[in-house]
Amino acid sequence: MNGCISYLQQSVEAERERGTAYSNTMGYDIERFVGYVNEGLLCCICRDVLENPLQAPCEHAFCTTCIHGWLVQNHNCPEDRQALDVSMLRPLFRYMRNDLNRLQIWCKNRQHGCEIICSLEAVDRHERECEYSQIPCLNAGCTVQVERRNLDSHLAVCEYRSRECPNGCGYAILSADDAQHNCIAELRTELELLRSEMICKIEEVRHEMESRLDSQRRHMVQKESVLQNEIEELKSQMSRVMSDMRTLVAEERQHRQELEQAELEKRELMELLKSLHKENKLTTGEGSGKRNTGGRPLNRLESMKRKPKEVTII
Ligand SMILES: [Zn+2]
Ligand SMILES: [Zn+2]
Ligand SMILES: [Zn+2]
Ligand SMILES: [Zn+2]
Ligand SMILES: [Zn+2]
């Protein structure tokens, strides 16, 4: 029991050092309740009314914060020393929860003027919206805390409130900076900012365009060299074809000449044959006296017959 009390004192002091009201985090101060509160609804550690209660197997009940804090350094029930750890904790019996929820409690802002009394079940919801709750000013940078009901009057005089410049520069001026506001200076700063942003953007775009052009240029150069190679190839093919053509033309011309030659010789042969026929008729008519005169034409015929073979070989 002594250990429990000294733990209680330590935690109370720790809470005070942190600057928070003890009853806000561990149990509800019993002074806030209207009427009698059953002893069974008090926390065995902080002795206030149970807040977020949990129950040990020995049926002792505690605020969640209180028992979790206790079990960090102890492994038993602070009331009867029975073995206990966090996994053994259970929700409170339902009838106790109902009793707890039905307790009537003053709003925590009673000392500031709130006169609301409501059930414990509903008090959190009320306190979140209570006109007497301290809330921070809505203006960025302002550290003032005001009661909710006084927020509007604070906002009207808050140093951090801002309004649009009456001279039409478009700036919101904090009321604290009112005297120092200079439309021209503000606009000049803005202009400088925009100008430097613009320069940056132009640089970026230029850089991108240049790199794109560069890659296109490289691509074109490659393509050009490929095309150049193809042209060279075509040229050499062309010159081969031309020389083949020339050879063919020359051969054809020669063939034609040979053909003409052959035609000529054929005609000569025909004439020779005709003349031979005539001679034959004459010799058969005149006797064999002039037979030798035909020797020359016959020799020519022999040589003519051999010539066509040479032509076909060529
Ligand atoms: Zn407690
Ligand atoms: Zn116990
Ligand atoms: Zn209230
Ligand atoms: Zn303010
Ligand atoms: Zn201005």
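Residues numbered from 1 in each chain as written. Chains lettered and ligands numbered in written order. Predicted model: local features only at pLDDT ≥ 70, side-chain atom pairs only at ≥ 80, totals over all residues. Heavy atoms only, no water.

The chain is annotated in an unreviewed UniProt entry as RING-type domain-containing protein of Chiloscyllium punctatum.

The protein atoms that coordinate the zinc ion (ligand 1) are Cys-43 (SG), Cys-46 (SG), Cys-63 (SG) and Cys-66 (SG), at distances spanning 2.2 to 2.4 Å. Considering all four donor atoms around the zinc ion (ligand 1), angles at the metal cover 105 to 114° and the coordination shape is tetrahedral. (Donors = N, O, S within 2.8 Å, 3.2 Å for Na, K, Ca; no water. Tetrahedral: all angles 85-135°; square planar, octahedral: opposite > 155°, others 65-115°.)

So, on to the coordination of the zinc ion (ligand 5). The zinc ion (ligand 5) binds to the protein through Cys-165 (SG), Cys-169 (SG), His-181 (NE2) and Cys-183 (SG), with metal-donor distances spanning 2.1 to 2.4 Å. Classification of the site at the zinc ion (ligand 5) rests on its four donor atoms, whose angles at the metal span 102 to 119°, yielding the label tetrahedral.

On to the packing of aromatic side chains, then. Counted under the stated rule, the structure contains two aromatic pairs. Residues Tyr-28 and Phe-33 carry aromatic rings whose centres are separated by 6.3 Å and whose planes lie at 85° to one another, so their mutual orientation is edge-to-face. Judged by its relative accessible area of 7%, Phe-33 falls in the buried class. Pairing Phe-93 with Tyr-95 gives two aromatic rings, centres 6.1 Å apart and planes at 10°, and the pair type is stacked. Judged by relative accessible area, Tyr-95 falls into the exposed class, the value being 53%. (Phe/Tyr/Trp six-rings, centres within 6.5 Å; stacked < 30°, edge-to-face > 60°. Buried < 20%, exposed > 50% of the residue type's maximum accessible area, 1.4 Å probe, protein only.)

A separate point is the nonpolar core. One broad rule of soluble globular proteins: the nonpolar side chains tend to lie buried together. Within the largest apolar cluster, 32 residues are counted, with the highest numbers of intra-cluster contacts made by Phe-33, Cys-43, Val-49, Phe-62, Ile-67 and Leu-100. Elements with a contribution of two residues or more to this core: strand E3 (61-63), helix H3 (64-73), helix H4 (94-102) and helix H5 (120-129). The element contributing the most residues to this core is H3, with four residues. Contact partners of Leu-100, with chain neighbours within four places excluded, come to Leu-41, Val-49, Leu-50, Pro-53, Leu-92 and Leu-120. (Core = buried A, V, L, I, M, F, W, Y, C linked by side-chain atoms within 4.5 Å. Helix = DSSP H or I, 4+ residues; strand = E, 2+ residues; numbered from the N terminus. Contact = heavy atoms within 4.5 Å.)

A separate point is the sheet that holds strand E2 (residues 53-55). Strands pair in a sheet through their backbones, by hydrogen bonds, and they do so in one of two ways: parallel or antiparallel. The three strands lie next to each other as E3-E2-E4, forming an open sheet whose pairing is antiparallel. Looking along the sheet, the strands with just one partner apiece sit at the ends: E3 and strand E4 (90-91). Where E2 and E4 come together, two bridges link them in antiparallel fashion. Bridge assignment links Gln-55 to a residue of E4, and that residue is Arg-90. Helix-sheet contacts for H3 involve E2 and E3, and the interaxial angle to E3 is about 95°. (Pairing = 2+ DSSP bridges. Axes fitted to C-alpha atoms, helices over the stretch in contact; angles between N-to-C directions.)

Before going further, it helps to examine the pattern of salt bridges. If you walk through the whole model with that rule in mind, you get nine salt bridges. Here Glu-127 makes a salt bridge to Arg-32, at a shortest N to O gap of 2.8 Å. Residue Glu-127 is located in helix H5, and its partner Arg-32 is located in the loop between helix H2 (22-25) and strand E1 (33-34); the two are separated by 95 residues in the primary sequence. The exposure classification of Glu-127 matches that of Arg-32, with both residues buried. The salt bridge partner of Arg-212 is Glu-208, with a shortest N-O separation of 2.4 Å. Taken as a pair, Arg-212 and Glu-208 lie in helix H7 (residues 183-286) at a separation of four residues, close to a single helical turn. For Glu-208, a relative accessible area of 43% puts it in the partly exposed group. (Salt bridge = Lys/Arg side-chain N within 4 Å of Asp/Glu carboxyl O.)

So, about the environment of Gly-113. With respect to the secondary-structure elements, Gly-113 resides in the loop between strand E5 (104-106) and strand E6 (117-119). A residue is classified by how much of its surface remains accessible, and Gly-113, at 30% relative accessible area, is partly exposed. A C-alpha to C-alpha distance of 7.0 Å links Gly-113 and Tyr-132, two positions 19 residues apart in sequence.

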